[in-house]
Amino acid sequence: MKAPAPIFEIAGVTVTPGTQQRFEIPVARLPTQTMLSLPVTAINGRYEGPRLWLSAAIHGDEINGVEIIRQVLARIKPKRLRGALIAVPIVNVFGFIEQSRYLPDRRDLNRLFPGSARGSLGSRLAHLFLQEVVSHCTHGIDLHTASHHRTNLPQLRADLQDPETYRCARAFGTPVIIHAATRDGSLRQAAAHRGNSILLYEGGEALRFDAKAIRAGVEGIFRVMSVLGMYESDLNELSKPPLEVTQTKWIRASRGGIFHREVELGQTVAKGQTLGFISDAFGEKNVKIRASLHGLVIGHAQNPLTNQGDGLFHLADLSHSTST
C-alpha cells in the first residue's frame, strides 16, 4: 500500500498532498526599492516518494531551461505524482532581467554556493536557494546552455561514480553523459555535499531557444521521474544507450581571424581531421583547424570573429568512452 505524502512547507508556504502552489520568495530590493523574488512552483503528490528540484537560469542568459521547466509543469498532474517536484525556472533573477550571465556585480552565481546569509548579493541568493529549495529535496536537475557565442549538444555532466546519480543520468537519455568533477562554489558541489543526487544538463546556446535541446530536456526530466517512480511516462524506450565519457578537450584557435566551421554538433571526427579553418579578412591566408583526438563534437563556437586561443570546438574523447 502506498503511503500518503506528508504536508511540506517552503518559505512559509504549505503544500498539501495532491496540490500545486505557485509563490515567490523575496530575495532583495533594487535601488528603486522594487523587490525581486525567486519564483517557485511546488507540487506535492498524493503519495510519498522522492523530491526532485528543477532549476534554470542560474546564468541569467541561459533561457532554454526556463522553457523546459514551463513545458514540464504544463504536463504534470499533481494527483498522478508520487513524491514532490519543486521548480525554480529563474534562479538568477537579476541576470535574467539584464539578459546577462552574471549578477549585477559581475559575479558568477554558480561559483558562490553554498553562500552565506550575510555575504554578497549572490552569496545571499545562493544560501537562500539551498535553504529553501535544495534542503527539501533528494534529487536535482540543474538546466544550462553553452555560454555566450557557443552552442552545446544536449549532454549531462554528473558524478557517474555515484550509483544513484549514474542511474538517473542513464535514464535521462542525452546522446552523451560526461563524468565530471564538481567545481568549487557550484550548485552541483554544494548539493552533492548535502547528499543530493544531481544532474547538470547542457543544451543549446545563450539567449536563444533551441527546439531540439528543449525537447531533450523535457523528455529527460520525465524519464528521470519515471525511473524514480515519481511519474508514469509514455515515452518510447531509448533507441541506444548514452555514450559515457570521462574526458573532453577544447580545440583552440592557433591565430586570430575569421572562423569557418565544417563539422556539426554530434558529429564523430577522427584524429587529424579538418574541423574548419581560420582566414583573414582578405582571404590571403587560411589556417586549418584539426582534431587532436578521435572525438564527438559536443560544443562549438558560434561567433566567426576569433582571437588566438579562443575555444572553437569541444570534443568528447572517444578513446575514453563506453556505450554499454
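Our subject is the structure listed above.
In this text the structure is predicted, and so the values were computed from the model without any measurement. In every chain, residue numbers begin from 1 and rise along the written sequence. Per-residue local features are limited, in this predicted model, to residues with pLDDT of at least 70; the limit for side-chain atom pairs, both in listing and counting, is 80 or more; totals at the level of whole chains, interfaces and linings are taken over all residues. With hydrogens and water stripped out, all remaining heavy atoms of the structure feed into the side-chain values.

Student: Provide a residue-level description of the pairing of strand β16 (residues 286–290), including the pertinent values.
Tutor: Every second residue of β16 is oriented toward a common face, the buried set being V287 and I289 and the non-buried set N286, K288 and R290. Sheet topology note: the strand β15 (residues 274–279)/β16 ladder contains five bridges and is antiparallel. Paired with T274 across the bridge in β16 is R290. Should DSSP find at least two bridges between two strands, the strands are taken to pair. Runs of H or I in DSSP of at least four residues are treated as helices and runs of E of at least two as strands, each being numbered from the N terminus. What sits between the antiparallel neighbours β15 and β16 is a turn of six residues, in which G283 has the positive phi angle 70 degrees. Think of it in three bands: with a 1.4 Å probe and only protein chains considered, a residue is buried below 20% of the maximum accessible area for its type, exposed above 50%, and partly exposed in between.

Student: Hey, could you go over a positive patch on the surface for me, with residue numbers and the actual values?
Tutor: On the surface, K2, R46, K79 and R82 cluster together into a positively charged patch. Following the sequence through the fold, R46 ends up in the loop between β4 (35–44) and β5 (47–56). The class for R46 is partly exposed, based on a relative accessible area of 40%. Distance thresholds for patches are 9 Å for like charges and 5 Å for nonpolar side chains (Val, Leu, Ile, Met, Phe, Trp, Tyr), applied to residues having over 30% relative accessible area and no salt bridge. Here the accessible surface of atoms and residues is derived via Shrake-Rupley with a 1.4 Å probe, and residues count as covered only by protein chains that are part of the display. Basic side-chain nitrogens of Lys or Arg form a salt bridge, by our definition, when they fall within 4 Å of a carboxyl oxygen of Asp or Glu. Residues counted as positive are Lys and Arg, residues counted as negative are Asp and Glu, and His and the chain ends are not counted. To locate a charge, the coordinates of NZ of Lys, CZ of Arg, CG of Asp or CD of Glu are taken.

Student: Lay out the sheet that holds β15 in plain terms, naming residues and giving numbers.
Tutor: Ordered by their spatial adjacency, four strands build an open sheet running β16-β15-β13-β18, and the pairing between neighbours is antiparallel. Taken across any chain shown, the strands that pair with only one partner, and hence form the sheet edges, are β16 and β18 (305–306). Looking at chain direction, strand β13 (residues 257–261) and β18 are connected through two bridges and run antiparallel. Bridging from a neighbouring strand, G257 pairs with T306 of β18.

Student: Got a sec to walk through the nonpolar core? Specific residues and values, please.
Tutor: Core analysis: the largest hydrophobic core is formed by 70 residues, its most contacted members being W53 and F129. Of the residues forming this core, the biggest block, seven residues, is contributed by helix α6 (residues 211–227). Contacts were defined at the residue level, with two residues in contact if any of their heavy atoms lie within 4.5 Å. Filtering out sequence-adjacent residues up to four positions away, F129 remains in contact with L38, W53, S55, V88, V91, F113, V134 and L187. As used in this record, nonpolar core signifies buried Ala, Val, Leu, Ile, Met, Phe, Trp, Tyr and Cys residues forming a set joined through side-chain atoms within 4.5 Å. Grouped together as the second largest cluster of nonpolar side chains are 15 residues, A253, F259, L293 and A301 included.

Student: Mind laying out unusual backbone geometry, listing which residues take part and the relevant values?
Tutor: With an omega of 10 degrees, the peptide bond running from F113 to P114 counts as cis. Structurally, the position occupied by P114 is in the loop between α2 (93–98) and α3 (121–132). Phi at Q33 takes a positive value of approximately 75 degrees, unusual for a residue other than glycine. Summarising the element assignment, Q33 is placed in the loop between β3 (19–29) and β4. Taking the relative accessible area as the measure of exposure, Q33 reaches 51% and is therefore exposed. A positive phi is found at Q99, a non-glycine position, where the angle reads about 55 degrees. You can see Q99 is positioned in the loop between α2 and α3. When its relative accessible area of 54% is taken as the criterion, Q99 is described as exposed.

Student: Describe helix α1 (residues 64–75), naming the residues involved and giving the relevant values.
Tutor: Compared with an ideal rise of 1.5 Å per residue, which puts twelve residues at 16 Å, α1 spans 17 Å between its outermost C-alpha atoms and is within 8% of the ideal. Among the residues of α1, those classed as buried are N64, G65, V66, E67, I68, I69, V72 and L73. Multiply 1.5 Å by the residue count of a helix minus one, and that product is the helix's expected span.

Student: Which residues make up the state of the cysteines, and what values go with them?
Tutor: By disulfide we mean two sulfur atoms from cysteines, separated by a distance within 2.5 Å. Tallied over the full model, the rule gives zero disulfides. Unpaired in terms of disulfides, C168 finds its nearest cysteine sulfur in C137, a separation of 13 Å.

Student: Quick one: what's the story with the packing of α1 against α6, residue by residue and with numbers?
Tutor: Every axis corresponds to a line fitted to the C-alpha atoms, with the helix fit spanning only the stretch in contact, and the corresponding angles, defined between N-to-C directions, vary from 0 to 180 degrees. Remark: α1 packs on α6, axes separated minimally by 9 Å, with the N-to-C direction vectors making an angle of 45 degrees. Looking at the two axes, α1 sits oblique to α6. Read as a crossing pair, α1 and α6 show a hand that is right-handed. Within the contact between the two elements, α1 uses N64, E67, I68, Q71, V72 and R75 and α6 uses A213, I214, G217, V218, I221 and F222. For the contact of α1 with α6, the per-class residue count stands at seven nonpolar, three polar and two charged. Note on terminology: angles under 35 degrees are roughly parallel, angles over 145 are roughly antiparallel, angles of 65 to 115 are roughly perpendicular, and the others are oblique. Helix crossings fall into two classes, left-handed where the near helix is turned counterclockwise from the far one by less than a right angle and right-handed where it is turned clockwise. When residues are sorted by character, Ala, Val, Leu, Ile, Met, Phe, Trp, Tyr, Cys and Pro go into the nonpolar class, Asp, Glu, Lys and Arg into the charged class, and all the rest, Gly among them, into the polar class.

Student: Tell me what's going on with the packing of helix α4 (residues 163–172) against α6, and back it up with residues and numbers.
Tutor: As a packed pair, α4 and α6 sit with axes 7 Å apart at the nearest point and diverge in direction by 135 degrees. Here α4 lies oblique to α6, going by the angle between them. Remark: the crossing between α4 and α6 carries right-handed chirality. Contact residues: R167, C168, A171 and F172 in α4; A216, G217, G220, I221, R223, V224 and V227 in α6.

Student: I'd like to hear about the packing of aromatic side chains, residue by residue, with values.
Tutor: Only the six-membered ring of Trp is used, alongside the rings of Phe and Tyr, when aromatic pairs are assigned; centres must lie within 6.5 Å, and planes under 30 degrees apart are stacked while those over 60 apart are edge-to-face, with the rest tilted. Inspection of every chain in the model, using the stated rule, returns five aromatic pairs. With centroids separated by 6.5 Å and ring planes inclined at 75 degrees, the aromatic side chains of F113 and F129 adopt a geometry described as edge-to-face. Separated by 16 residues along the polypeptide, F113 in the loop between α2 and α3 and F129 in helix α3 bring together distant segments of the chain. Since its relative accessible area comes to 5%, F113 is described here as buried. Since its relative accessible area comes to 0%, F129 is described here as buried. Arranged with centres 5.5 Å apart and planes meeting at 80 degrees, the rings of F259 and F313 form a pair that is edge-to-face. Of this pair, F259 sits in strand β13 while F313 sits in strand β19 (residues 311–317), and the two are 54 residues apart along the sequence. By the burial criterion, F259 is buried, and F313 matches it. Each member of the aromatic cluster is reached from another via a ring pair, and the members are W53, F113 and F129.

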